[in-house]
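# What the coordinates show
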Amino acid sequence: MIEAKRVAVVTGAGRGIGAACAKSLARKGAQVIVSDLLLDGAEQTAEAIVAAGGQAVAVACDVSVREDVESLMNRSMEVYGRLDILVNNAGIIRDNLIHKMTDDDFDQVIGVHLKGTWLCSQAAQRHMVANRYGRIINFSSTSALGNRGQANYAAAKAGIQGLTKTLAIELGRFGITCNAVAPGFIESDMTKETAARIGVEFAAFKEMAARETAVLRIGTPEDVAYAVTFFASEEAAFITGQVLYIRGGV
Ligand code: NAP
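Keep in mind that what you see is a predicted model, and the values were worked out from it rather than measured. (Residues numbered from 1 in each chain as written. Predicted model: local features only at pLDDT ≥ 70, side-chain atom pairs only at ≥ 80, totals over all residues. Heavy atoms only, no water.)

Along the polypeptide, Val-87 turns up in strand S4 (residues 85–88). Through-space distance from the C-alpha of Val-87 to that of Ala-225 is 10 Å; in sequence the pair is 138 residues apart. Excluding anything up to four places from it in sequence, Val-87 contacts Val-9, Val-10, Thr-11, Leu-25, Ile-137, Phe-139 and Val-228. (Helix = DSSP H or I, 4+ residues; strand = E, 2+ residues; numbered from the N terminus. Contact = heavy atoms within 4.5 Å.)

This brings us to the nonpolar core. Among the nonpolar cores identified, the biggest contains 34 residues, and Ile-33, Met-73 and Leu-86 are the most heavily contacted of them. Taken together, the elements giving at least two residues each to this core come down to strand S1 (7–10), strand S3 (55–60), helix H3 (66–80), helix H4 (103–131), helix H5 (151–171) and strand S6 (176–183). Here this core gets nine residues from one element, more than from any other, and that element is H4. (Core = buried A, V, L, I, M, F, W, Y, C linked by side-chain atoms within 4.5 Å. Buried < 20%, exposed > 50% of the residue type's maximum accessible area, 1.4 Å probe, protein only.)

Neighbouring the ligand are 29 residues, the closest being Arg-15, Asp-36, Asn-89, Tyr-153 and Ser-188. At 2.7 Å, a side-chain N or O of Asp-36 approaches an oxygen atom of the ligand. In the model, an oxygen atom of the ligand is placed 3.2 Å from a nitrogen or oxygen of the Gly-184 main chain. Coverage of the ligand by the protein amounts to 92% of the 900 Å² it exposes when considered alone. At the level of secondary structure, the elements contributing two or more residues to the shell around the ligand comprise helix H1 (16–27), H4, H5 and helix H6 (189–198). (Near = heavy atom within 4 Å. Polar contact = N/O pair within 3.5 Å; in protein donor to acceptor, adjacent residues only side chain to side chain. Areas by Shrake-Rupley, 256 points an atom, 1.4 Å probe, with all protein chains shown as cover.)

At their nearest, the axes of H1 and helix H2 (residues 39–51) sit 10 Å apart, and the two run at 25 degrees to each other. As far as their axial angle goes, H2 and H1 are roughly parallel. The two elements H1 and H2 cross, and the hand of that crossing is right-handed. Along the contact surface, H1 presents Ala-19, Ala-22, Lys-23 and Ala-26, while H2 presents Thr-45, Ala-48 and Ile-49. (Axes fitted to C-alpha atoms, helices over the stretch in contact; angles between N-to-C directions. Parallel < 35°, antiparallel > 145°, perpendicular 65-115°, else oblique. Left-handed = near helix turned anticlockwise from the far one by under 90°.)

Let us look at the pattern of salt bridges. Across all of its chains, the model carries twelve salt bridges by this definition. Of the charged contacts in the structure, one is a salt bridge between Glu-70 and Arg-126, with a shortest N-O distance of 3.3 Å. Taken as a pair, Glu-70 in helix H3 and Arg-126 in helix H4 lie far apart in primary sequence, 56 residues in all. Given a relative accessible area of 23%, Glu-70 falls into the partly exposed group. (Salt bridge = Lys/Arg side-chain N within 4 Å of Asp/Glu carboxyl O.)

Looking now at the packing of aromatic side chains. The description of an aromatic ring pair rests on the distance of the ring centres and on the angle between the ring planes. Tallied over the entire structure, the rule returns two aromatic pairs. Seen from their ring centres, Phe-185 and Phe-205 are 5.3 Å apart, and the 65 degrees between their planes marks the pair as edge-to-face. Residue Phe-185 is found in the loop between S6 and H6, and its partner Phe-205 is found in helix H7 (residues 202–211); the two are separated by 20 residues along the sequence. What makes Phe-205 buried here is its relative accessible area of 12%. A ring pair is formed by Phe-230 and Phe-231, whose centres lie 5.5 Å apart and whose planes are at 45 degrees; its orientation type is tilted. You can call Phe-230 partly exposed: its relative accessible area is 40%. (Phe/Tyr/Trp six-rings, centres within 6.5 Å; stacked < 30°, edge-to-face > 60°.)

Take empty space enclosed by the protein next. Per the stated rule, a full pass over the model turns up one cavity of 30 Å³ or more. Lining the largest cavity are Thr-11, Val-63, Asn-88, Asn-89, Ala-90, Val-112, His-113, Gly-116 and Thr-117. At four residues, the largest contribution of residues to the lining of the largest cavity is made by H4. Looking at the lining of the largest cavity, its residues break down into three nonpolar, six polar and no charged. (1 Å grid on protein atoms, 1.4 Å probe; cavity = no way out; pocket = protein on both sides within 12 Å on 5 of 7 lines; lining within 4 Å. Points joined across faces, edges and corners; volume = space filled by probe spheres on them. Nonpolar A, V, L, I, M, F, W, Y, C, P; charged D, E, K, R; others polar.)

See the structure below:
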């Protein structure tokens, strides 16, 4: 359950998993600040939520830029007067083998995922601490365990696990939990981009990935949104510092 007064900020929510998380939280009753790099995408998701009877406002924000992040969290306070749930979903990939990876590839991926998660969490927790309530849900990945062509992304996603556990330790006394989801192969533009990079048809790529799972299918954005909504619920108050793999297997 999510109490009707709760306000959720979801980053990178213009499409993919972030859009599914924003819609799922809204269906459970949260008022949602739908944020994305470009306002267009955020507006589409917010409009879909409102059309379905929910409450949402779209805000543009680059999570790797402190000023953007501060104004995103302030907007939540201006519009709804509170900030209860933060979903750090925004992400990019700049895959390449280590000998071809550039400084830019590395810095951009660390900047959006690891620094972005840190900036958003830091800005959001000020409001959450004041209110003695919060749910922070971060995005790791099965790639945190190592993945060919993803030195930058794997490092960022492993870093997010350490950040998650540390925030759980520091913020628990203020009624704030911090957990991470670590998805496996989820159908989205991101996995489509990976297929294109390695020169495999997306349909064939998905079939290959499905065969490697125990449940013999790939994941959907809604599969991840379900777990995010669980961590965001009132009842998940005694669950913190956890990393939940959502990969259709072990
Ligand atoms: P996606 O379809 O590529 O969507 C990513 C979203 O993040 C887009 O809306 C994008 O905005 C936004 N974004 C990118 N850079 C941003 C920035 N600097 N500031 C704010 N927003 C930004 O990816 P997805 O598959 O939904 O992935 C969502 C999260 O799940 C990511 O953290 C990803 O690492 C993680 N994940 C995905 C998978 C998977 O298999 N798909 C597996 C494990 C983990 P634009 O539309 O403007 O580019």
